[in-house]
Amino acid sequence: MPIVLAQPVSNLHGAVIYVVACLEADAANDGSRVAGLADGEVALRRRSVGNGDPRLGVIGRVPGLSNPLNLPVLDLDGNDYQGAERAYRQNLRGLLHEGYQKYKHGFHQLFSPIGFLVIASADHIQEISQVPEGALDFQGATQIPRCLMTSRMISDYTHTILTDLTRQLGNLLPIIHEEIEYCFQNELPACEANWTPGNIQKLAPRLIAIIMGRVFVGPGLNRKEEWINNVTQFVDDVFAGGWKIKEYLHFARRFAARFLIPEIRQLVPIMRERLASLNAPGSSEGVELHLDLLQWLLANNATLPQPRSLENLAELALVAFVGSTHTAATTLTNVLLDLAARPADLEVVRKEVSQMNLKATGLNLKQSFYINQTSKLDSFMKESQRLNPAFLMTFSRIVRKPFILSNGLTLPSGTHLIVPACMISLDPEIYEDPEEFKGFRFAELRAEKPENMRKYQFTGTSPTAMHFGYGRNGCPGRFFAGTTIKLFVAHLLVKYDIKLFRFRQ
Ligand code: HEM
């Protein structure tokens, strides 16, 4: 009989999360009772970690019903918690809209399948994001499985993205460019004289898996069919999975965990090979260092007093990769659909990107500089994201140390805060004619005054533009995502005409 110990790690108003330490390889897999849990307290979630290491795993959550905050709960009628959950699943957008109309300068709550969520007002985001480090927990709120990553690992990973990946973006451009060229030759339908239909929603995950995959895992794996299939299959399931994935970044990550075992097996030998070639005698010179996340993770890992196992690193890279493939593919899809629907805007963007003079041989520094200057395309992408964001809500955080806001509201430990990013983007006090798609609204705002340059960039985050989150845990991959999407769109517009095409069923 395996020994399985359970320990509550957080007691939110809405959910008790337990962590089990599995002291045998498949300890959690037989569904056996877990020491430390009362009857009916938790449903064991099974997960095999494959290599027999003693590991930690989040096994389940029990929605709790305590609501210590004296704030209105929009979707709860008396004690009808099931009804509230149903409303949340079926009509989250409607609830967020209603909540924003009623309480946009204050706070209110929703009862969700993971318990009470406190919907924070944009007025207080700046203040909330400035609370001392440790008072807010991003990882706990996003439910990244602890079997896959400790919060220290995630910080290391985020750091690697921000430092290595983002700083190297200029050097990465030729690589991204090469993968885009490959995709144009091999992945897009061959266009003869006439219009050729293609389903961008289906194509985008494959394209992103290949293009970004090159920067994540290197050239060995990113074009392999098995790899692309597995990653895109996951993204398909994300769309088919409906509400769960759409609302939460973290669900994408939890689901990812179940799919990744074969990829981890593929990735570890590649990492081992790279390590061996780096450590081989006399190999310090002449060894070609790969420009990819895997290499940076290996290099950073080697500097740690207790380096992590390659399996750990592989999991870390893959979970993040799969999550970001989905978000980047959704963003690319929406930008292309929005462009196809607006031929006049498309011509303006095409004119702008034509000046990039993209060459099959790669990009030079001047061109990479130009990518940063594509204010029309940048603006169009931001407008597309404003009206069709990948996530309705962002800035998911659990309060770990209570604090009092300037409006007198005390947020106790365990409060789950979240921000209705999609509603902030539709606020007429923030955006003129918010329901209207104005492709170049941000380019115009940027041109108004120098301090607007950064604020209204696609990658700019602020309490009024929350689609990449905000503050300490704001998305570190947004610069990479933005550049990749821009380069792809630029190639497409220079080489192709696009228009909306209705598929006959
Ligand atoms: C258009 C595509 C993307 C969108 C819309 C997006 C959105 C987000 C959002 C909303 C968050 C939460 C931020 C917060 O709550 O403050 C986040 C976090 C994160 N994203 Fe992205 N993301 C995208 C692409 C990427 C890419 C390409 C990568 C990897 C290179 C990435 C890596 C991460 C990581 C590691 C975090 C967690 C940050 C932390 O732990 O502090 N994202 N992303």
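Predicted, not measured: the structure shown is a model, and the values here were computed from it. (Residues numbered from 1 in each chain as written. Predicted model: local features only at pLDDT ≥ 70, side-chain atom pairs only at ≥ 80, totals over all residues.)

With respect to spatial proximity, 28 residues lie near the ligand, and among them Ser 324, Gly 469, Asn 473, Cys 475 and Gly 477 are the closest. Taken together, the elements giving at least two residues each to the shell around the ligand come down to α4 (151-167), α12 (310-341), β7 (394-399) and α19 (478-495). In terms of residues, the shell around the ligand owes the most to one element, α12, which gives five residues. Looking at the shell around the ligand residue by residue, the class counts come to 16 nonpolar, 11 polar and one charged. (Near = placed C-beta within 6 Å. Helix = DSSP H or I, 4+ residues; strand = E, 2+ residues; numbered from the N terminus. Nonpolar A, V, L, I, M, F, W, Y, C, P; charged D, E, K, R; others polar.)

Turning next to the packing of helix α5 (residues 169-186) against helix α6 (residues 200-217). Between α5 and α6, whose axes approach to 9 Å, the crossing angle comes to 150°. Taken together, α5 and α6 sit at an angle that is classed as roughly antiparallel. Considering the relative orientation of α5 and α6, their crossing is right-handed. Residue-level inspection shows Leu 172, Ile 175, Ile 176, Glu 179, Ile 180, Tyr 182 and Cys 183 of α5 in contact with α6, the latter providing Leu 207, Ile 210, Ile 211, Arg 214 and Val 215. (Axes fitted to C-alpha atoms, helices over the stretch in contact; angles between N-to-C directions. Parallel < 35°, antiparallel > 145°, perpendicular 65-115°, else oblique. Left-handed = near helix turned anticlockwise from the far one by under 90°. Contact = placed C-beta atoms within 7 Å.)

What follows covers the confidence of the model for the protein. It should be kept in mind that the predicted coordinates are not to be read in detail where pLDDT is low. Per-residue confidence for the protein gives a mean pLDDT of 77; residues scoring 70 or more make up 71%. Averaged over each element, pLDDT in the protein is lowest for helix α8 (residues 243-247) (36) and highest for helix α16 (residues 421-424) (98). Across residues 144-149, where pLDDT falls below 50, the model places 26 contacts with residues more than four positions away in sequence or in other chains. Contacts for the low-pLDDT stretch residues 238-258, under 50 throughout, to residues beyond four places or in other chains number 36 contacts. Two numbers describe this predicted complex: its pTM, 0.82, and its ipTM, 0.99. (pLDDT = per-residue confidence, 0-100.)

Within the open sheet, the five strands sit side by side as β4-β5-β10-β7-β6. Their pairing is mixed. Taken across any chain shown, the strands that pair with only one partner, and hence form the sheet edges, are β4 (108-112) and β6 (136-137). Two elements, strand β5 (residues 115-119) and strand β10 (residues 416-419), share two bridges in a ladder whose sense is parallel. Following the sheet pairing, Ile 119 is matched in β10 by Ile 418. Against the sheet, helix α1 (residues 81-103) engages β4 and β5, with an angle of about 160° to β4. (Pairing = 2+ DSSP bridges.)

What follows concerns the packing of helix α13 (residues 343-354) against α19. Between α13 and α19, the shortest axis-to-axis distance is 9 Å and the interhelical angle comes to 105°. Classified by the angle between their axes, α13 and α19 sit roughly perpendicular to one another. Across the interface between the two elements, Leu 346, Val 349, Arg 350, Val 353 and Ser 354 of α13 pack against Ala 490, Leu 493 and Val 494 of α19. Considering only residue class, the contact of α13 with α19 consists of six nonpolar, one polar and one charged.

The terminal C-alpha atoms of α1 lie 22 Å apart, and with 23 residues this falls more than 12% below the ideal 33 Å at 1.5 Å per residue. Helix geometry: α1 is bent most strongly at Asn 91, by close to 100°. Buried within α1 we find Ala 84, Ala 87, Tyr 88, Leu 92, Leu 95, Leu 96 and Gly 99. (Expected span 1.5 Å × (residues − 1). Bend = angle between axes of the 7 residues up to and from the residue. Buried ≥ 20, exposed ≤ 12 C-beta atoms within 10 Å, placed from the backbone.)

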